[in-house]
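Residue strings, one per chain:
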Amino acid sequence: MLSQSEIIENFKKIREQIAQAESNASRPSGSVSLCAVSKFHPIDAIYDAMQANQFLFGENRVQEAYLKFTEIANDKTIAAVPQLHIIGSLQLNKVNHAVQIASCIQSIDRVELLKEIEKQCAKQNKTVSVMFEYHTGEESKSGYKTYDELCETLSLCKENAFPHIVPNGFMTMAPFTEDERILHASFAKLRTVSEAAQKQFPELSLSELSMGMSNDFKIAIEEGSTMVRIGTALFGPREQ
Ligand SMILES: *Cc1c(COP(=O)(O)O)cnc(C)c1O
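Scoring rules and cut-offs
- Residues numbered from 1 in each chain as written.
- Predicted model: local features only at pLDDT ≥ 70, side-chain atom pairs only at ≥ 80, totals over all residues.
- Heavy atoms only, no water.
- Near = heavy atom within 4 Å.
- Polar contact = N/O pair within 3.5 Å; in protein donor to acceptor, adjacent residues only side chain to side chain.
- Areas by Shrake-Rupley, 256 points an atom, 1.4 Å probe, with all protein chains shown as cover.
- Nonpolar A, V, L, I, M, F, W, Y, C, P; charged D, E, K, R; others polar.
- Phe/Tyr/Trp six-rings, centres within 6.5 Å; stacked < 30°, edge-to-face > 60°.
- Helix = DSSP H or I, 4+ residues; strand = E, 2+ residues; numbered from the N terminus.
- Buried < 20%, exposed > 50% of the residue type's maximum accessible area, 1.4 Å probe, protein only.
- Salt bridge = Lys/Arg side-chain N within 4 Å of Asp/Glu carboxyl O.
- Contact = heavy atoms within 4.5 Å.
- Expected span 1.5 Å × (residues − 1).

J.: I'm lost on the site of the ligand in this one. Help?
T.: Contacts to the ligand come from V37, K39, N60, I87, M173, M213, S214, R229, I230, G231, T232 and R238. Between the ligand and the protein, one listed contact pairs an oxygen atom with a side-chain N or O atom of R238 at 2.7 Å. The protein chains hide 93% of the 390 Å² of surface that the ligand would expose on its own. In terms of residue class, the shell around the ligand is built from five nonpolar, four polar and three charged.

J.: When you look at the packing of aromatic side chains in this model, what are you seeing that I'm missing?
T.: By convention here, two paired aromatic rings are described through the distance between centres and the angle between planes. All told, the structure shown has four aromatic pairs when counted by the stated rule. Ring geometry for F11 and F235: centres 5.9 Å apart, planes at 80°, overall edge-to-face. In this pair, F11 is assigned in helix α1 (residues 4–24) and F235 in helix α9 (residues 232–235), connecting sequence segments 224 residues apart. Given a relative accessible area of 1%, F235 falls into the buried group. Every member of this aromatic cluster is reached through a ring pair, and the members are F132, Y144 and F170.

J.: How should I be thinking about the pattern of salt bridges in this particular structure?
T.: Pairing is possible between side chains that carry opposite charge, provided their charged atoms lie close to one another. All told, the structure shown has eight salt bridges when counted by the stated rule. Linking E195 and R191 is a salt bridge whose minimum nitrogen-to-oxygen distance equals 3.8 Å. Linking E195 with R191, this pair stays in helix α7 (residues 180–200), spanning four residues, or about one helical turn. A relative accessible area of 27% places R191 in the partly exposed class. Notably, a salt bridge pairs R191 with E223, separated by 2.6 Å at the nearest N-O pair. Taken together, the residues span a long stretch of sequence, with R191 in helix α7 and E223 in the loop between α8 (217–222) and β8 (227–230) at a distance of 32 residues. For E223, a relative accessible area of 12% gives the class buried. Within this structure, E59, R61, E64 and K68 form a network of salt bridges that share partners.

J.: Explain the side chain of S210 here, please?
T.: By secondary structure assignment, the location of S210 is in strand β7 (residues 208–210). On the accessibility criterion, S210 (0% relative accessible area) is buried. Of note is the side chain of S210, whose polar atom sits 2.7 Å from the side chain of Q106. Not counting the four nearest positions on each side in its chain, S210 is found in contact with Q106, M131, F170, M171, T172, L190, M227 and R229.

J.: I'm lost on α7 in this one. Help?
T.: Since there are 3.6 residues in each turn of an α-helix, residues three or four apart along the chain are aligned in direction. The terminal C-alpha atoms of α7, which comprises 21 residues, lie 30 Å apart, in line with the 30 Å expected from a rise of 1.5 Å per residue. Listed as buried for α7 are L183, S186, F187, A188, L190, V193, S194 and A197. Contacts from the buried residues of α7 go to α6 (147–158), β6 (165–171), β7 and α8. The opening residue of α7 is D179, an N-cap whose side-chain oxygen sits 3.0 Å from the backbone nitrogen of R181.

J.: Would you mind showing me how to read helix α5 (residues 111–124) here?
T.: Compared with an ideal rise of 1.5 Å per residue, which puts 14 residues at 20 Å, α5 spans 20 Å between its outermost C-alpha atoms and is within 8% of the ideal. Among all positions in α5, only V111, L113, L114, E116, I117, E118, Q120 and C121 are buried. Immediately beyond the C-terminal end of α5, within one or two residues, lies N125, with a positive phi of roughly 55°.

Structure (structure tokens):
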């Protein structure tokens, strides 16, 4: 595990690189938010990140996230309670815990998930935001595969079938490659899908584009990302 000062230094470096990429793309400074992916890292890494003023985290396994983030939520000494986004594929039987700890679930890939989230949110009397994960590259397996299927889900949201759920955008994972053309194409695809969906469903507010990880976030920002999800470049290689 990296030391606290190394982690703080990494946050400084990555924030500078995000700012540079925003500027290179002629985008307003601050238009891209940083979701720090703390999966597989111990709770101390999250505390170190909070020392670097980071209060938005991403985790992909609910069980692991639940342990860490309930402990943090119960810690009366912290300055602000961090927000957690679930970014990994989610099983129905994990939704209960996911809703307890997360403010957003970025990995919606089927309507059954929304039904279960709605049920759990109603029970817990809370609201969560969601993003729709879209499949944009041959190698990634998760996410909606077709625009039509996505629109079926969005229609239900439009008809207010899920009053405790606030859709706010889209998420994708690019294929694992260094080929910049493939990365550009993957991110551009999500942007195109999001523009089409926003046009088709003007009553929804779908402005978030969660795309870009440690090795491809600069390209994602060029293609319009509003949120990058970065793990390794901040916390080092994952433990385990
Ligand atoms: C692990 C993960 C990330 C972060 O990946 P890094 O390469 O470590 O930056 C981002 N998004 C999702 C969905 C992930 O599972």
